[in-house]
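Listed below are the residues making up each chain.
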There are 4 protein chains.
Amino acid sequence: MILECVDKDAQYQIANRLKRMGFDTTFHGTNGVAVIYGLDDLVREDLFHVLPGVKRVIPIKEKQKLASRKSVGRRTVIEIQGRKVGGNSDPFIIAGPCSIESEEQIFSSAKIAKENGAHALRGGAFKPRTSPYEFQGMGLKGLEMLSKVGKEFDLLTVTEVLDLESIHLAAPLIDILQVGARNMQNFELLKQLGKVKNPILLKRGFAASYQDLLYAAEYLIAHGNPNVILCERGIRTFETYTRNTLDLNAVPSLQELTHLPILIDPSHGTGRRSLVLPMARAGIAAGADGIIVEIHPNPDQALTDAQQTIGPEVFRRLMKEVLAIHQAFIKE
Amino acid sequence: MILECVDKDAQYQIANRLKRMGFDTTFHGTNGVAVIYGLDDLVREDLFHVLPGVKRVIPIKEKQKLASRKSVGRRTVIEIQGRKVGGNSDPFIIAGPCSIESEEQIFSSAKIAKENGAHALRGGAFKPRTSPYEFQGMGLKGLEMLSKVGKEFDLLTVTEVLDLESIHLAAPLIDILQVGARNMQNFELLKQLGKVKNPILLKRGFAASYQDLLYAAEYLIAHGNPNVILCERGIRTFETYTRNTLDLNAVPSLQELTHLPILIDPSHGTGRRSLVLPMARAGIAAGADGIIVEIHPNPDQALTDAQQTIGPEVFRRLMKEVLAIHQAFIKE
Amino acid sequence: MILECVDKDAQYQIANRLKRMGFDTTFHGTNGVAVIYGLDDLVREDLFHVLPGVKRVIPIKEKQKLASRKSVGRRTVIEIQGRKVGGNSDPFIIAGPCSIESEEQIFSSAKIAKENGAHALRGGAFKPRTSPYEFQGMGLKGLEMLSKVGKEFDLLTVTEVLDLESIHLAAPLIDILQVGARNMQNFELLKQLGKVKNPILLKRGFAASYQDLLYAAEYLIAHGNPNVILCERGIRTFETYTRNTLDLNAVPSLQELTHLPILIDPSHGTGRRSLVLPMARAGIAAGADGIIVEIHPNPDQALTDAQQTIGPEVFRRLMKEVLAIHQAFIKE
Amino acid sequence: MILECVDKDAQYQIANRLKRMGFDTTFHGTNGVAVIYGLDDLVREDLFHVLPGVKRVIPIKEKQKLASRKSVGRRTVIEIQGRKVGGNSDPFIIAGPCSIESEEQIFSSAKIAKENGAHALRGGAFKPRTSPYEFQGMGLKGLEMLSKVGKEFDLLTVTEVLDLESIHLAAPLIDILQVGARNMQNFELLKQLGKVKNPILLKRGFAASYQDLLYAAEYLIAHGNPNVILCERGIRTFETYTRNTLDLNAVPSLQELTHLPILIDPSHGTGRRSLVLPMARAGIAAGADGIIVEIHPNPDQALTDAQQTIGPEVFRRLMKEVLAIHQAFIKE
């Protein structure tokens, strides 16, 4: 159950009162909302509106509360320095290399991104590599390059964080912080990211159900950060032709379950360069709010993920087709 | 390896010669092609062109031969009574109820299909039900209804066959015969369907790899039926919100691997009525050659698959949006 | 709901009466049992015992009826020419080559099987091969070899059937007929096998849930053949080191759900020769009623499945260890 | 490639020399071993033994080096305060409640564990819960209880850590630190755990391949902690009857690939109380080096994982049967 309170003080009063009644509460400070849990079927939720300071009672049966579509009613639009993500906005396009490798590389990637209409520049500075012997990223130096080049081209910036240290380094420099698929259920990381101001790009774990993804989002919101953008990036199945199986069912399914915006990642979702363009189109046609895609000035020379990175030509075509698809139907 | 021969007689001569050399051949009669197998790395394929009557030698490393994209070079267009499936044709739309239930039901389904621009009418007369206690279909009576109503509305007809008996009943009455997901590796059924003239709609098994699907297609072609239309209809994954996970990666992946047309089935692929429309759009945007979709005049009263069947309103919108998506990009 | 009737005549009377009441019945002749379906929550099952000729009423909520553990109460023992499968019997061991290749090969396989204490000899005469260009089996000639050698060594015989024709050929010659994983939901095949006297070895499809497997068993029983032996043979997962993932959870899970005996197949379940022995042990320790395993006098020269076939030495050890494991705990 | 050096000084010399040659090295201090990476096919590994201070050269093609079976040759035995894990030792049994709930509860759990012959006591103090609203563990207070009770009963102790803070709290108090399935690819956590002295129990992620698990182990070893115990705890598949699918193929497969000991977790691996006993037996029969199992004095009243927790009676039987199984065959 969610209680919307009139103000902070009312929140505090209610928390005390509920505690005495035996319930736990979590506060979601920005809009005076208390999430009450520990309820069972014996509690008559319809009576909570009589508590002083309660503006509205939202009974929610789903286990996720703040991420639930019911908690808000409409789809959330997240505004980041004037760009809108979600709702009926134009597709939000994040492009860039998998890893930041050098200033030249990130500069030319940004140029390609900007010239073709992307809104944000991605680049990894801390790489969660499966093997300990693979390139682990440029760290702070990479972040500074990304930040500088982002400003130069007026692009928002996106980078993945892995732990407390990388959060502290990235939060002041980079606009959007990304949680990778392997860390989607690293709940301590999520709790820390609840405390930052940056919007979070939360990638679905490759064996996470929709429900699991929403719980992870709930951690972020319940710990104070309501600006969560979900991202479908492929799940593990028996099929080996593709690296992952991009699950586009996730897009309309999640839009039924949550009010948060949803992007798709056709690069990791397929693992094959030739599939990025058609799956980007398909994602937008499924109703996704945008795309995150790996581009590189010379894809064959990328240090990481070369086999799934597209070059300038394909990206130009992708941007054109994705926009045309977006305009071809009415998004709900 | 595939050999293109000048004529039937040359085929025969070559078969004999190859047999003496220790190789097996399969003939693919309609266009004078012989598939040679039992080759190993010792055989110099480049020398086969000197055999008399050989027009062209196509060395193929993949295990599928006739279904392989390389065997043809371009994408195949299957023409059925003037309607084209595949290549750059408009999306081929098959619509209709899961099961044929009555003449009224199939008549009104056909009406909805036709009025909104569908090309073919589907309807199950033999139902491969998971439980032996569920409705098993109307059989021959259903086929006759489907055939009659199809002619009345100038719609092609599609029905699933299960065994020799249902093939014998359906082949003379119905235009396109469907192999269901559960029978995709029923190789005896595939061999029988190699002998009929009707085009085959071959659905991917729900745990079949792309390679498995192509082998199944190869069975059909190698046994004499080149008119194979593939269909992605969802695979089994850990996700339970949807009945299956429609794998749209399959569309561009299969287009790399084979020349055969590929449809998608957003009804079985999602198992939820609300997801049919967005996933139909997504399939076309991924490059699919068409859609097979379950419609019903009163979806809530369908005897089978009610929860994934759409009604007239949604279907109208689907047809409109699918066509708009198709026109929004250049199909390769 | 299952009704146990006093005799055939009572069955007939009840069927008529129930039909007038609007219910469908399926008879399971050998023991006077009628499965009633089409019931909904409005029907008071507790009143059916008043119908004349009804000995016992077994209300069953699960969708499978005759295969359900509740329908019988205890675990079924299937007796085949004096050998027992299921219940508290010793592990039932089926061994032999994947394909019958020659009389010498099947003879020496039988010798190895018999000398080490196996109860039955397997050998494929009709092979459902994924590719149409692979060895398709020796057919009738193979069946005759298998039958002859089985008699010579006093071993039961097991072979896979694919369609009506192979059933007709195999049923008079071979003791146990096998339904392969790819045909588990070939319901027409199951219906035909409901009519034969031979016990059926029913393999789990590689993406079939426990429930799906039980429905397939239900087809066999409902169509007249109560002697069904289930077999877990590996499912498809994301793991690629093994060919399949042998799901041993299936063994105790199925024993909760059904009264039918359950074997495991460590050869197909792993696809690797080195894993056959430990997984055979594990299957018996999980409570399986026996094992079906691929052996060959010279595994490296097997025409099919060489990489998962074990030789005489390993089989000897397997038999010894499997028996020791079986005796090390009390089977429920 | 792994180089075994004569001493620390030789290590240092070689690192410098290799750096000038363009190779990177990672040192694994405890036994003078250098892992060289960045090699390609041009490098003749057989010549490295001529470098001064090199005792032995171990060429390793697999991407994991230190975790690879080849790097050691035999199976590793980890000794913890006199108890042995791995090799030919008796099964190592860890038992205890999912969460530490109170001193009484952990005391009676320890009593049951000890009386039946377990070697270690598990208990969660930091719980990585899927939902933010579920019980998150007792923290330090719980650790202190676990430590105290462990000493009292002469049981080793095991607890899960989640981040730097929980490592700092747990490392001095608890014997074995556990990495949960959700954190298996939390590489920052693994790097931190490379620095502690405690042996690590590393659980397989529920969509991690065997290779992924070995890479995670490699992180731990390469960062300084060679005492890694692997644990199979079930993967995600399409089957819903069980919470996870315990993949026992993993046991003999991993024993081919790595020298590290492997436990199995039949509690999480099945998610059903009734399956814990048979799957524990099956795991040992597959060759596992031990078991970690959830027990509780009153399973039905456990705060977490009640549905998969066994009580004293079943645990007694489990210990007896597991030992009998272990003695019934020769472990390789």
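Here the structure is a predicted model, which is why all the values come from computation and not from measurement.

### Digging into the sheet that holds strand β13 (residues 262-264) of chain B
The pairing of strands in a sheet comes from backbone hydrogen bonds and takes either a parallel or an antiparallel form.
Residues and elements named next belong to chain B.
Thinking step 1. Strand order in the closed barrel formed by eight strands is β7-β8-β9-β10-β11-β12-β13-β14, and the pairing between neighbours is parallel. The sheet shows a mean angle of 25 degrees between the axes of neighbouring strands, taken without regard to direction.
Thinking step 2. The pairing of strand β9 (residues 156-160) with strand β10 (residues 176-179) spans three bridges and is parallel. Directly across from Glu 160, in β10, lies its bridge partner Gln 178.
Thinking step 3. Sheet strands in contact with helix α4 (residues 140-152) are β8 (120-122) and β9, and its direction is about 160 degrees off that of β9.

### Topic: the interface of chain D and chain B
Thinking step 1. The interface of chain D with chain B comprises four residues on the first partner and four residues on the second.
Thinking step 2. Along the lines of polarity and charge, the residues of the side of chain D that touches chain B split into one nonpolar, two polar and one charged.

### With respect to the relation of the copies chain D and chain B
Thinking step 1. The operation relating chain D to chain B is a screw motion whose rotation component is 180 degrees, with 0.0 Å of axial translation and a residual RMSD of 0.1 Å. The relationship between the two copies is best expressed as a two-fold rotation axis. Of the C-alpha atoms belonging to chain D, the one lying closest to the rotation axis is found on Phe 238 of chain D, 2.2 Å away.
Thinking step 2. Both copies present the same face, since 100% of the interface residues in chain D are matched by interface residues at the equivalent positions in chain B.

### Observations concerning the interface of chain C and chain D
Thinking step 1. Counting residues at the interface gives 34 residues for chain C and 34 residues for chain D.
Thinking step 2. Counting residues per element, the ones that place at least two in the side of chain C that touches chain D are α8 (250-257), α10 (273-285) and α11 (312-327) of chain C.
Thinking step 3. Broken down by element, the residue count for the side of chain C that touches chain D peaks at seven residues, all from α10 of chain C.

### Some words on the domain arrangement of chain A
Thinking step 1. Structurally, chain A comprises domain 1 (2-59) and domain 2 (78-327).
Thinking step 2. One C-alpha centre belongs to domain 1 of chain A, the other to domain 2 of chain A, and the line joining them spans 35 Å.

### Quick look at the pairing of strand β7 (residues 92-96) of chain D
All names here are of chain D.
Thinking step 1. Of all five residues in β7, five are buried; the element is thus mostly enclosed.
Thinking step 2. Of the two faces of β7, both are covered, the one formed by Phe 92, Ile 94 and Gly 96 as well as the one formed by Ile 93 and Ala 95.
Thinking step 3. Looking at chain direction, β7 and strand β14 (residues 290-294) are connected through five bridges and run parallel. For Ile 94, the partnering residue across the bridge sits in β14 and is Ile 292.
Thinking step 4. Sheet analysis places β7 next to strand β8 (residues 120-122), joined by two bridges and oriented parallel. Looking across to β8, one finds that Ala 95 is bridged to Leu 121.
Thinking step 5. Read from β7 through helix α3 (residues 103-115) to β8, the crossover connection turns out right-handed.

Rules behind the numbers
- Residues numbered from 1 in each chain as written.
- Chains lettered and ligands numbered in written order.
- Predicted model: local features only at pLDDT ≥ 70, side-chain atom pairs only at ≥ 80, totals over all residues.
- Pairing = 2+ DSSP bridges.
- Helix = DSSP H or I, 4+ residues; strand = E, 2+ residues; numbered from the N terminus.
- Axes fitted to C-alpha atoms, helices over the stretch in contact; angles between N-to-C directions.
- Contact = placed C-beta atoms within 7 Å.
- Nonpolar A, V, L, I, M, F, W, Y, C, P; charged D, E, K, R; others polar.
- Least-squares fit on C-alpha atoms with pLDDT ≥ 70 in both.
- Domains from an automatic or database assignment.
- Buried ≥ 20, exposed ≤ 12 C-beta atoms within 10 Å, placed from the backbone.
- Right-handed = clockwise from strand over helix to strand, strands pointing away.

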